[in-house]
Each structure stands twice: as structure tokens, then as C-alpha cells.
Amino acid sequence: MSLRLEHLNPEQLAAVTLPDEHALVLAGAGSGKTRVLTTRIAWLVKNGLVSPQAILAVTFTNKAAREMLTRVTAMLPVNPRGMWIGTFHGLANRLLRAHHREASLPQAFQILDSQDQLGAVKRLLKALNVDEDRFPPREVQQFINSQKEEGVRPGEAALADERARRLIELYTAYDEQCQREGVVDFAELLLRSYELFARNEILREHYASRFRHVLVDEFQDTNRLQYRWLKLLAARGACYFAVGDDDQSIYTFRGARPGNMADFEREFKVRKVIRLEQNYRSHGNILDAANALISNNRNRLGKNLWTASGAGEPLRVFEGQSDGDEARWIVEETRSLAREGTPLSRVAVLYRSNAQSRVIEHALFSQSVPYRVYGGLRFFERAEVKHALAYLRLVASPGDDNSFLRVVNFPARGIGARTIEQLQDAARARGVSLFEAAEGKAGAFRNLIEEMRAGTEGLPLKEIVEAVVAKSGLLEHYKAEREGADRVENLGELVNAAAAFSEEEREAESGEVVEPLTAFLTHAALEAGEHQAGEGQEALQLMTVHSAKGLEFDAVFLTGLEEGLFPHEQSVTERDGLEEERRLAYVAITRARERLYLSHAQTRMLHGQTRYNVPSRFLEELPEGLLKWLTPRFAGQRAREARFSAAQAWHAPRKKEPSFARSRDVGGFRVGQNVLHPKFGSGVIVDAEGQGTDARVQVNFGSQGVKWLAVAVAKLQAA
DNA sequence: TACTTTGTCCTTTTT
DNA sequence: GGACAAAGTA
């Protein structure tokens, strides 16, 4: 119940007790960021500087929001009811439910997750006879989302070329389809609530005078729309407290804009940027390695972490002959760690992409080492659960064509592709939903849904879900299936989840009174159910570097440190892609408290074929003095280079350089290098050919396009 | 209509 | 190696 301000360092204390003014806090990894944020909220309330209702605290993940709420509650004598603490999407949902009429939405609007959204796009493309080779559904989805995340509606989008024009048409049609069906995607939640405020002065005034303190976590991950949303929601006289770390920005590929931090500092005339640079997590050598690595990035606000704890052990580096070799080594090391007394649950194996987990899992499984994989399929994303949810959504909101199509013939009811096509034509002609247009066999399905609704009206949530799961035939279907036991169990879990979905959760997520079923469906969409079985068990933790952000472990294995994998080959062709990969490696390194293992393999199976990889440049960027090689340094690479040059002496190279070799200089430049051009600005070299005066490089200038340039002619300079 | 077989494509993903 | 969609078969 105490604030314990005496345990804060001077910078933390300054941030917590800052008077009424805007603040930007640059909080390095492990510097006590969450603590500062929560203590500040408690400090504001406790000193009577502000009432709980006037506080708005925004995070990105449900987990972070929960953690914040728990910590604040523990520090305050009163229940922090009335505070708005939540995710961007959770809060946007809350606003839209409360003001659904002003936002032109049905009260029971359904939320599309990414999977649902892709389904909706595919359906749209089919209906409009769009060639899916020319406009791949994923690309269209990506286009729509990136426009929305920039706050751009179809009418305002730039008509750069014919293709853009067509994409915008599809964007328009997609929005119309969603509106017709009463559904809203993730980006739309934000954009719609933003527009609600932009247009409705009364509402804007209401909220603007309510919120006096706005606190934002992980500010480097906000996109343009989220930043504008924040500015609009609490415009008048509120104090903004933004916490972030530009070095941990790893989501620009999804529209995150770390530049918002600099914009914030300028636009809000932040007087003093507070830097939290003391790290309480890692030993010195680990931190030195992280600092050395990240210093290779040019686009930084600048910050250097330090620690009062000792240097600790050197970083251990291992080179495997193969990915299997690497995996076996991990198994051995985790076992000896366990013998030395490090609990498995405090050890993590990190990798760049999910595909890498398979080999490691195989090795762990065969040696009976308990492990837990994070990410992957989450509870509410499982097929059988999605099916059950689709029935529930139809009960709550019959206009939801996505859900209709998902389950109209599941379990099979003899409604095939032709029947559905006819139904879609009929519905389109009449301008009604599939549900409304259903007749014949599909009409029987419609009756089934209507019976479900009539039969469950007014029942407690748990009983509604139970009845729908049974009546839909899903339970029966999976019981009859030989491998269906897990699925039957998950349907049971869904009923349990409904039973556990409490009054309070409902209020916390939706604010005003919303029908229990709608609230539950919202919960399922916004919180896909990360807390899975096996949590807290004594098991080794496996996850991608992305999902490790925000976590810490006694020992960390950072695996697959190879060119093409980490940094990922596709990142080289992206603008500033390499810097983001380096930040990713920085995040990975700073997860470790006491011991850090770095590993790479000479060969690796990828996409069903063997690839020969060169050690990652990130390994070479670490100071040699911090490393301890468990295998001879880059032995495999040296041997290969010797073979390669010997072979070259005898034969002319038959084809282009294989993917494992890092390109040599071409007229003083190399692939992956950042360059500056007087006209096109900054870019990155993605390909190169020729030598001497013939040397040409292909450069990606981002929005300026991708161009081939002759090195001898173009005024290129290294950036 | 419903199930099986073949050919394509691969990052990361808080919501 | 595995997910997904289109094409093939009963």
C-alpha cells in the first residue's frame, strides 16, 4: 500500500513526481519502466492531484494492461475504478459501444480478427471477380490496414497509379461490405473512434475535459493513427506522459512509427526528456554487448545503458554443424543449467522465425526436456472454437456473412459451393444478408440459428454457449471423429471460459451495459487467449524474439544467428530493414540476466532444402573480449571460404553468388548498405552487378521506388 | 457434394 | 516441412 518512493533512483523519481507538464521518458531495457508508469499513476491519485476518473493509461497488450492495473491497485488504498486503463483497441471498443449510434454502428457489432478479415477480403475479391494473382488477398488486406493506420479513408488516398486506384476501389468496397454486415476490423476500431471525436464536438469536449492525465506505454510502437487518436481524445489541457524506447522499436513493419517520439517532443514542447539508463536486469558483459551492437544503428535518439552489477560471465558462442547439432547442444546446456540450479522456467530459447522451433522441439522432446512454446495457435483461434464462435455471432448478429459462410455447411449439411453461390447472388440482388436470403436447405440452417436465439434468450451466458455448442452439431461431429478428442475438450473449455467471464470483466472491457453474449464475443476477438494451459509449469520457454519483448530470463539462448535468417533476408530489401533487425537482436540480448548463449549453424533445413549459412554480421559486431567461443571461431566459414577460393582458382564461377555468401564490394558499395542519393534521398542497396566502371547497384528508396543506378554516374554516397 | 491429391508459397505479428 | 487452394475422383 505504500509508494516506496525511496527505492527509486533520481531519474525514476523525477519521472514519477513530475509536476503538471508533458513528459517524454526514454526508458531503456530493464530500467524499471512499468514501475515508473504505475508509481506515477498512484502518486498522482494519492496526492490528490487528480481523481481516478481523470486518468487514461494506454498500452498495447492485454497482458501489459492487466499488469498495470494490478500494480496500481496494490499501491492505492481505494479500488481504482473509474480509471481508464486498457489497450488502444479495448478502449476504442469501449467508446464505440457507448456511442454506437453516433458512430453509425449496431450495438452488437462484431470484431474481425486478422484471420476473419482475410476471409472477408477473399470473399470480396471473389464477388467482384478480381484476379487473385494480380491482387493477392493478403496484399489487399495489408493495403487496407496500412491506409487505416495512417488515418486515410478511400476518398483521401493518393491515386499514384492505376494499381493504387484499383486498390482504393477495393478498399471502398471492403468498407461497404463491413458496414453492411455490422463488423469492424482492428484498425477500424481505432479509425472509427477517432472520427467519432473528430466530427462530434460535444463528445470530444466531454472526454477532453474528463481526462487530465494521459499515460502511454511503449510509445515507440504507436502508429500515426494512434498518436492522433491520443491527441484528440484528451485535447484540452491534459498532461501527456509518454514512455518508450526507440531502440526497442521492432514493429515498424506493422506501421509503428518511432518517429512519433520526436514529433511528440516537438509538438508538445517537452521541456526535458527524462532518460532511464540504469539497467537493473543484466550483468555488465551482456549490457556491453547490447550497447556495442545497437551503436551500429544511425537512427537513434541516443542512450547508453549501464549497470551497477558486475561484469558477470562472458557470452558463450557456439557454432553447430547443422540445425540439429545446434538443437542437441541446447538440450545439453539446458540440462547442465538445470543441474546447476537454474529452473527451466527461467531459461528461454529465442529464434527469429517460428519455423525454427520445430528442430529444437524435436530434440527437446526426444530427450524428455519439458518445454513450452509461446505464440502459435491461441485458444480463440482454434478452428473448432472459431466455429462455435461463428454460431454465437450469428445468434447475436445475423448479418455477419463471414460467420454464416464459416458454418452454414459445418458440420456438413449438404449445402455445397453451388448452393452457396446462388444464395450469394440472391442476397446481392436483394441487398440483404445471406442469413436473410436463405431458403431451402440454407433456410433450414437459418431456422436452426433462429431456434438457438429464441431458445437461449435471457439465459445466463454459460448456458447460451452450452446450448449453441450442442445444438450446432459441433460436439457430435467431433465426438464421432477419431482424432476429435482435443477438439471436444476445447469446446468444453469454451463453455468454461463463458462461465468464468465475469461481470467485472464485462464492465472493464465494454464500459456501459452491453449484452453478455456480445461482451463475451468482443472479449474473444480482442483477447485471443494467450494464457494457455501449462502456464507456470517447470518448462523451458521457447518463443520468437518478438514475443520475448518485455520479458526477462536468467539464461537466454539466442539461436540461428546467421545471415539470411537473422538478419532476415527479406529485411535487407526493406528501407531501414537492417536497423530494425539489429534492434530485434538488441531486444533479444537484453532479455538475459546472467547468462547469454549465442549460436549459429553451418547448415540448416529451410523450406525443405539444405541451406549453407554464414554467421550473422551481428555476431561480428559484438566486442571479441566479451565472447567465449565454445567452438573454434567461425570454423565452418573459414573452411568453406578456403574451399570456395580454391574452387574459384580452377573454375570460373558458374552462377551468381550463392545466397550464403555475403556480397563483395561493387564499386565501393555492397548489398544491404544504406546510401544517400541527392534526388531520391536515403535508400538501401538490394542488388548489385558488374565491376569497375560497369558496376551497377539496385537501390530501394522506399516511397521513391526501386532503381538501378550506375555507380560511376550516380552521385551515391554511403549513409 | 465430399473427400483426396497435387502444386504453390513462404518473416516477425501486441490488437 | 506444412498450410492452403485448386484440381481430381467417387
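The model shown is predicted, which means the values in this text are computed figures rather than measured ones. (Residues numbered from 1 in each chain as written. Chains lettered and ligands numbered in written order. Predicted model: local features only at pLDDT ≥ 70, side-chain atom pairs only at ≥ 80, totals over all residues. Heavy atoms only, no water.)

Q: So what's going on with the protein's contact with DNA strand C? Residues and values would help.
A: Around DNA strand C, the surrounding shell consists of Lys-122, Arg-358, His-607 and Gly-608. The contact atoms of DNA strand C, taken as those within 4 Å of the protein, divide so that sugar and phosphate hold 45%. A distance of 2.9 Å is found between a base oxygen of DNA strand C and a backbone nitrogen or oxygen belonging to His-607. A class-by-class count of the residues in the surface near DNA strand C yields no nonpolar, 2 polar and 2 charged. (Near = heavy atom within 4 Å. Polar contact = N/O pair within 3.5 Å; in protein donor to acceptor, adjacent residues only side chain to side chain. Nonpolar A, V, L, I, M, F, W, Y, C, P; charged D, E, K, R; others polar.)

Q: If you had to explain the protein's contact with DNA strand B to someone new, which residues and values would you point to?
A: Taken together, 30 residues lie around DNA strand B, and Tyr-251, Arg-352, Asn-354, Thr-544 and Glu-574 are the ones closest in. Protein-proximal atoms of DNA strand B, defined as those within 4 Å of the protein, fall in sugar or phosphate at a share of 55%. For DNA strand B, a phosphate oxygen lies 2.6 Å from a polar atom in the side chain of Thr-544. Elements with a minimum of two residues in the surface near DNA strand B: α17 (417–430) and α25 (545–548). Looking at the surface near DNA strand B element by element, the count peaks at 3 residues for α17. A breakdown of the residues in the surface near DNA strand B according to their chemical character gives 7 nonpolar, 16 polar and 7 charged. (Helix = DSSP H or I, 4+ residues; strand = E, 2+ residues; numbered from the N terminus.)

Q: Outline unusual backbone geometry, listing residues and values.
A: Each neighbour pair has its own omega, and for Phe-410 with Pro-411 the value is -5 degrees, a cis peptide bond. Within the secondary structure, Pro-411 is located in the loop between α16 (401–407) and α17. With an omega dihedral of 10 degrees, the bond running from Phe-566 to Pro-567 counts as a cis peptide bond. Despite not being glycine, Asn-129 has its phi angle at roughly 55 degrees, a positive value. Looking at the element boundaries, Asn-129 is found in the loop between α5 (114–127) and α6 (137–149). A positive phi angle, near 55 degrees, is found at Asp-576, a position not held by glycine. Here Asp-576 shows up in the loop between α26 (569–572) and α27 (577–589).

Q: Please give an account of the pattern of salt bridges that cites residues and values.
A: For the structure on display, the rule yields 50 salt bridges. Of the charged contacts, one joins Arg-604 and Glu-326 as a salt bridge, the two residues approaching to 3.0 Å between their closest N and O atoms. Within this pair, whereas Arg-604 is found in strand β14 (residues 592–606), its partner Glu-326 is found in helix α13 (residues 323–339), the two being separated by 278 residues in sequence. Comparing Arg-604 with Glu-326, the two get one shared label, buried. The partner of Glu-384 in a salt bridge is Arg-487, with the nearest N and O atoms 2.7 Å apart. One end of the pair, Glu-384, is in helix α15 (residues 383–396); the other, Arg-487, is in helix α22 (residues 485–500), with 103 residues separating them in the sequence. Exposure remark for Glu-384: the relative accessible area of 3% places this residue in the buried category. Residue classification places Arg-487 among the partly exposed residues on the basis of a relative accessible area of 29%. One network of salt bridges, with partners in common, ties together Lys-148, Arg-153, Asp-175, Asp-185, Glu-188, Arg-192 and Glu-195. (Salt bridge = Lys/Arg side-chain N within 4 Å of Asp/Glu carboxyl O. Buried < 20%, exposed > 50% of the residue type's maximum accessible area, 1.4 Å probe, protein only.)

Q: Break down the confidence of the model for chain A for me, with residues and values.
A: Across chain A, the average pLDDT comes to 87, with 90% of residues at or above 70. Within chain A, helix α29 (residues 635–650) has the poorest average pLDDT of any element, 61, and strand β13 (residues 553–558) the best, 97. This stretch, residues 648–661, has a pLDDT under 50; its non-local contacts, to residues over four places away or in other chains, come to 9 contacts. (pLDDT = per-residue confidence, 0-100. Contact = heavy atoms within 4.5 Å.)

Q: Please set out the side chain of Arg-316 residue by residue, giving values where relevant.
A: Positionally, Arg-316 belongs in strand β9 (residues 315–322). Discounting chain neighbours no more than four positions away, the residues touching Arg-316 are Arg-595, Leu-596, Tyr-597, Leu-598, Lys-628 and Leu-630.

Q: Residue-level account of the packing of α5 against helix α7 (residues 162–181), with values.
A: For the pair α5 and α7, interaxial distance at closest approach is 10 Å and the crossing angle is 115 degrees. In terms of orientation, α5 lies roughly perpendicular with respect to α7. The handedness of the crossing between α5 and α7 comes out as right-handed. Mapping the contact onto sequence places Gln-117, Ala-120, Val-121, Arg-123, Leu-124 and Leu-125 in α5 and Leu-170, Ala-173, Tyr-174, Gln-177 and Glu-181 in α7. Each residue belonging to the contact of α5 with α7 can be placed in one class, and the counts come to 7 nonpolar, 2 polar and 2 charged. (Axes fitted to C-alpha atoms, helices over the stretch in contact; angles between N-to-C directions. Parallel < 35°, antiparallel > 145°, perpendicular 65-115°, else oblique. Left-handed = near helix turned anticlockwise from the far one by under 90°.)

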